[in-house]
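# What the coordinates show
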Amino acid sequence: MTSVAWDRLLKLLDYWTPHVLVAILIFLGFWLVARVSDRFISRVFSHTRLNVLVTTLLSRAAHIALIVFGVVTALGTLGINISALVAGLGLTGFAVGFALRDTISNLLAGVLLLIYRPFDINQYIEVSGFQGTVIAIDLRYTTLDHENVRILIPNSKLFTDPITVRKS
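To start, this report covers the structure provided alongside it. No experiment lies behind these values; they were computed from the predicted model shown. Here the residue numbers are simple positions, counted from 1 along each chain's written sequence. For a predicted model such as this one, the threshold for reporting local features is a pLDDT of at least 70, and the threshold for listing and counting side-chain atom pairs is 80 or more; totals across whole chains, interfaces and linings nevertheless cover every residue. Excluded from the side-chain calculations are hydrogens and water; all other atoms, namely the structure's heavy atoms, are used.

Glancing now at the packing of aromatic side chains. Pairing of aromatic side chains here covers Phe, Tyr and the six-membered ring of Trp, requires ring centres within 6.5 Å, and sorts the geometry by plane angle: under 30 degrees stacked, over 60 edge-to-face, intermediate tilted. Within the structure shown, the criterion is met by three aromatic pairs. Here the aromatic rings of tyrosine 15 and tryptophan 16 are separated by 5.2 Å at their centres, their planes lie at 90 degrees, and the arrangement is edge-to-face. Of the residues examined, tryptophan 16 reaches a relative accessible area of 37% and is grouped as partly exposed. Centroid distance phenylalanine 94 to phenylalanine 98: 6.5 Å. Interplanar angle 15 degrees. Geometry classified as stacked. One end of the pair is phenylalanine 94 and the other is phenylalanine 98, both in helix H3 (residues 82–99) and four residues apart, which spans about a single turn. This pair shows no difference in class: phenylalanine 94 is exposed, exactly as phenylalanine 98 is. Buried, partly exposed and exposed residues are distinguished by accessible area as a fraction of the type maximum, computed with a 1.4 Å probe on protein chains only: under 20%, between the cut-offs, and over 50%, respectively. Helix and strand definitions here come from DSSP, where helices need a minimum of 4 consecutive H or I residues and strands a minimum of 2 consecutive E residues; each element is numbered from the N-terminal end.

One non-glycine residue with positive phi stands out, namely glutamate 147, at about 50 degrees. Within the secondary structure layout, glutamate 147 lies in the loop between strand S3 (141–146) and strand S4 (149–154). Phi is positive for asparagine 148, which is not a glycine, with a value near 60 degrees. If you trace the backbone, asparagine 148 turns up in the loop between S3 and S4.

As structure tokens, then:
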């Protein structure tokens, strides 16, 4: 290599090394905050009546949001124009949300069912022509057992249709 090439390489390294190191430190900072938020959310919500699934969902959402924010901030520090990236993420989020609207509806209804608890495990319920004993409630479906038949009812149906809960 010629001395001109070495000089150019040294100038590039001199310019980019601090930017890359700062970007890495910013990302690591956000990653550390995301890890701490996982533990914090788990610890805070362990003392409430919230279901473990809801706590896990909140913890995951906070973790992913902090990691994405850290990546975007680190890229901005490197001098990358992030406005187009943020606009692209917004459009992608809209498209994915529209495509998964039924799944997201079931997920949010599941969270609300687990928070408000209109019925509990081992209770007999009737909804939309289906009836049975509740054997599981998760974020997407509620599982009923009726005469050795398992019935999976989407949570959005349970949240919008009338439910008859029989007393034990």
